[in-house]
Amino acid sequence: MQGEESILRRLAELAGNADIFNVDAAGPQGLLINIDGYAASMSRLPFMSWSDWGYKSTVASASDIIASGGKPIAIAYSVGATSVDVLEEVAKGVGEASRDVGAKVYKADSNRSAADAWIDVAVVGTTSRPVTRSGAMPGDIVVQVGYLGYGALAYKIMKSEVSLRDVEEDVIRKIVRPRPHVDAAEAISRYAHASSDNSDGWLVTLNNIASSSGVLISLEEVVMDPQLEGLLTAEESITSWEDYNLAVAVPASSLDEFLKLCGSQCFAVGKVREGRGVEFKGKPLEPRGWSWW
Ligand SMILES: Nc1ncnc2c1ncn2[C@@H]1O[C@H](COP(=O)(O)OP(=O)(O)O)[C@@H](O)[C@H]1O
Ligand SMILES: Cc1ncc(C[n+]2csc(CCOP(=O)(O)OP(=O)(O)O)c2C)c(N)n1
Ligand SMILES: [Mg+2]
């Protein structure tokens, strides 16, 4: 099987822009655009309502804008579903997420689907300085914005390693309604050297920054949501995906200002060094995570 990256590189070239790698979102003239889409069969967790699914898909797309130092302002989405009931529920979730990220739905499209449902969410944001994955420099501090663990816990529930009955209602809510870290956008655009959001797994996210920047990320700490203690270890949360938390490389001289502006869930968790890849407490780690192909 071909690696996902080589497939996507060929597609990007065919679509006329081979330069769109190493970024979460990009765009001309102070604008950033991102699109992410999903089939329900491959992304709606068994305990997710249709409105949760619309909500998560919207936060997922908006979080790439935020990671790139942008404020989401406008949303367009397209959905395919087997019934009007599903369309209504999805619209509700997309609407709620749009408000939570500070944006508005300006255009949408509905389609009838024979079986599986799907959604695509495009988000436009504004930025004074776009940040990519590729500017991290030795000496930078790695900041984790937002807790980890929700995706890893969802995976444990799906594998029946944790029973849904043992998980409190508000923890389930945190899994199905990921928190967008809108407050971090301004801090990122002002100070960050590199940044990316966690959709495919924390190690993959860190590795994307490390490989795009040609550096080593030396992680000392993984900050899991304290509410998940007893259900998941901090070590397990290192591969957690779909948490839509952010990895940001910040110059050491700007760390205090960055943290002041960044919001309540921002933690210095490691350092950027000369080298390649990602290590945790001195041990090199392979970037295990989610891949579609
Ligand atoms: N069908 C496609 N046509 C052109 N480019 C694509 C296509 N699918 C993905 N890409 C590009 O491949 C790169 C990697 O995609 P992906 O792994 O989905 O990353 P991201 O986390 O930025 O969404 C992106 O820059 C994206 O624009
Ligand atoms: C039923 C089900 N199967 C699998 C998953 C896992 N999963 C689906 S989407 C996804 C994240 C990847 O999403 P995407 O937005 O395509 O990533 P990006 O384009 O930002 O790389 C993961 C881990 C899930 N949530 N639910
Ligand atoms: Mg994508």
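The structure displayed is predicted, hence computed values, not measured ones.

Student: Tell me about the packing of aromatic side chains, residues and numbers included.
Tutor: For the structure shown, the criterion picks out 4 aromatic pairs. Look at Tyr147 and Phe267: their rings are 5.8 Å apart centre to centre, the planes differ by 20°, and that puts the pair in the stacked class. Note that Tyr147 is positioned in the loop between strand E5 (141-145) and helix H4 (150-158) and Phe267 in strand E9 (residues 266-273), a separation of 120 residues in sequence. Judged by centre distance (5.3 Å) and plane angle (75°), the rings of Trp241 and Trp290 are edge-to-face. With Trp241 in the loop between strand E7 (216-219) and strand E8 (246-250) and Trp290 in the segment after strand E11 (283-285), this pair connects stretches of sequence that are 49 residues apart. A residue is classified by how much of its surface remains accessible, and Trp241, at 18% relative accessible area, is buried. Residue class for Trp290 comes out partly exposed when judged on its relative accessible area of 29%. Connected via pairs of aromatic rings, a cluster forms that spans Tyr155, Trp241 and Trp290. If you follow Arg44 out to its NZ or CZ, it ends over the ring of Trp50, 3.7 Å from the centre. We note Lys56 situated over the ring of Tyr38; from NZ or CZ to the ring centre the distance is 5.8 Å.

Student: Describe in detail the site of ligand 2, supporting the description with residues and values.
Tutor: In the neighbourhood of ligand 2, 14 residues make up the surrounding shell, with Asp36, Tyr38, Ser199, Asp200 and Glu242 lying closest. Side-chain polar atom of Asp36 to an oxygen atom of ligand 2: 3.0 Å apart, as the coordinates give it. Residue Asp200 places a side-chain N or O atom 3.0 Å away from an oxygen atom belonging to ligand 2. Burial of ligand 2 by the protein amounts to 84% of the accessible area it has alone, namely 610 Å². Grouping the constituent residues of the shell around ligand 2 by class yields 6 nonpolar, 3 polar and 5 charged.

Student: Mind laying out the sheet that holds strand E1 (residues 31-39), listing which residues take part and the relevant values?
Tutor: With respect to topology, 4 strands assemble into an open sheet ordered E1-E4-E2-E3, the strand pairing being mixed. With partners counted over all chains shown, the strands left at the sheet margins are E1 and strand E3 (104-112), one partner each. For this sheet, the mean inter-axis angle between neighbouring strands, taken without regard to orientation, is 10°. Bridge analysis of E1 against strand E4 (residues 118-126) gives 9 bridges, and the strand direction is antiparallel. Pairing of Ile33 across the sheet is with Val124, part of E4. Sheet contacts for helix H3 (residues 84-100): strand E2 (71-81), E3 and E4; angle to E2, the most-contacted strand, approximately 170°.

Student: Explain the packing of helix H2 (residues 50-67) against H3 to me, using residue names and the numbers behind them.
Tutor: Orientation of H2 relative to H3, taken along the N-to-C sense of each, is 40°, at an axis distance of 7 Å. Classified by the angle their axes make, H2 and H3 are oblique. Crossing of H2 over H3 shows right-handed handedness. Facing Trp50, Ser51, Trp53, Gly54, Tyr55, Thr58 and Val59 of H2, the residues of H3 in contact are Val86, Glu89, Val90, Lys92, Gly93, Val94, Glu96, Ala97, Ser98 and Asp100. Looking at side-chain class alone, the contact of H2 with H3 contains 8 nonpolar, 5 polar and 4 charged residues.

Student: So what's going on with the pattern of salt bridges? Residues and values would help.
Tutor: In this structure the tally under the stated criterion is 10 salt bridges. A salt bridge links Lys71 to Glu186; the shortest N-O distance between them is 3.2 Å. Remark: Glu186 occurs in helix H6 (residues 184-191) and Lys71 occurs in strand E2; sequence separation between them is 115 residues. According to the relative accessible area criterion, Glu186 is partly exposed, its value standing at 26%. Note that Glu161 and Lys159 form a salt bridge whose closest N and O atoms lie 3.4 Å from each other. Note on Glu161: relative accessible area 48%, which makes it partly exposed. Looking at Lys159, the relative accessible area reads 41%, which means it is partly exposed.

Thresholds, definitions, all that
Residues numbered from 1 in each chain as written. Chains lettered and ligands numbered in written order. Predicted model: local features only at pLDDT ≥ 70, side-chain atom pairs only at ≥ 80, totals over all residues. Heavy atoms only, no water. Phe/Tyr/Trp six-rings, centres within 6.5 Å; stacked < 30°, edge-to-face > 60°. Helix = DSSP H or I, 4+ residues; strand = E, 2+ residues; numbered from the N terminus. Buried < 20%, exposed > 50% of the residue type's maximum accessible area, 1.4 Å probe, protein only. Lys NZ or Arg CZ within 6 Å of the ring centre and 35° of its normal. Near = heavy atom within 4 Å. Polar contact = N/O pair within 3.5 Å; in protein donor to acceptor, adjacent residues only side chain to side chain. Areas by Shrake-Rupley, 256 points an atom, 1.4 Å probe, with all protein chains shown as cover. Nonpolar A, V, L, I, M, F, W, Y, C, P; charged D, E, K, R; others polar. Pairing = 2+ DSSP bridges. Axes fitted to C-alpha atoms, helices over the stretch in contact; angles between N-to-C directions. Contact = heavy atoms within 4.5 Å. Parallel < 35°, antiparallel > 145°, perpendicular 65-115°, else oblique. Left-handed = near helix turned anticlockwise from the far one by under 90°. Salt bridge = Lys/Arg side-chain N within 4 Å of Asp/Glu carboxyl O.

Bear in mind that shape data such as this cannot, by itself, settle questions of function.
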